[in-house]
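Remarks on the overall topology
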Amino acid sequence: MYEYNAITDTRKAVVLSLIDVSSSSHTADFLGKRLETVLARVSINSNITLKIRAIVTDNPSTMQKMREMFISKPGNQHIIELRCFAHAINLISGKNIIRSPTKNIE
């Protein structure tokens, strides 16, 4: 499942779409087209892409490539691409927990 959401200027989270992509290949091209489809669907009265300030995803190479492809398109150069800080912390802490010896706490 992929969730596409937006955070407004008042910090309200709005779910734009929730899509089951389990039967599809998760290539950067596919994910970029899905993002564009979602944005086109919500851009009824105005071009929502003009209002986007950043695109945030987790950090596999596929997502990194998708972000780079998306912001390189004409009209998207104002958008910055970010890796999700929470995903990064999760990866770092997960690796440290696995490597650290476990102690019994009494």
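It is worth spelling out the side chain of Asn76 at this point. Looking at the element boundaries, Asn76 is found in the loop between α2 (61-72) and β4 (80-83). Discounting chain neighbours no more than four positions away, the residues touching Asn76 are Thr49, Phe70 and Ile71.

Let us look at the pattern of salt bridges. In total, this model carries 3 salt bridges according to the counting rule given. Residues Glu36 and Lys73 are paired through a salt bridge, measuring 2.5 Å at the closest nitrogen-oxygen approach. Of this pair, Glu36 sits in helix α1 (residues 28-42) while Lys73 sits in the loop between α2 and β4, and the two are 37 residues apart along the sequence. Judged by relative accessible area, which is 29%, Glu36 ranks as partly exposed. Its relative accessible area of 34% is what places Lys73 among the partly exposed residues. For Arg67, the salt bridge identified is with Glu81, shortest N-O distance 2.7 Å. With Arg67 in helix α2 and Glu81 in strand β4, the pair connects residues that are 14 residues apart, well separated along the chain. Accessibility expressed as a relative area gives 23% for Glu81, which makes it partly exposed.

With that settled, the discussion passes to the packing of α1 against α2. Interhelical geometry of α1 versus α2 gives an angle of 50° and a closest axis separation of 8 Å. One way to sum up the angle between α1 and α2 is to call them oblique. Seen along the crossing, α1 lies across α2 with a hand that is right-handed. Residues Ala28, Asp29, Leu31, Gly32, Leu35, Glu36 and Leu39 of α1 form the contact with α2, whose own contacting residues are Thr62, Met63, Lys65, Met66, Met69 and Phe70. Residue classes in the contact of α1 with α2 are distributed as 8 nonpolar, 2 polar and 3 charged.

What counts as what
Residues numbered from 1 in each chain as written. Predicted model: local features only at pLDDT ≥ 70, side-chain atom pairs only at ≥ 80, totals over all residues. Heavy atoms only, no water. Helix = DSSP H or I, 4+ residues; strand = E, 2+ residues; numbered from the N terminus. Contact = heavy atoms within 4.5 Å. Salt bridge = Lys/Arg side-chain N within 4 Å of Asp/Glu carboxyl O. Buried < 20%, exposed > 50% of the residue type's maximum accessible area, 1.4 Å probe, protein only. Axes fitted to C-alpha atoms, helices over the stretch in contact; angles between N-to-C directions. Parallel < 35°, antiparallel > 145°, perpendicular 65-115°, else oblique. Left-handed = near helix turned anticlockwise from the far one by under 90°. Nonpolar A, V, L, I, M, F, W, Y, C, P; charged D, E, K, R; others polar.

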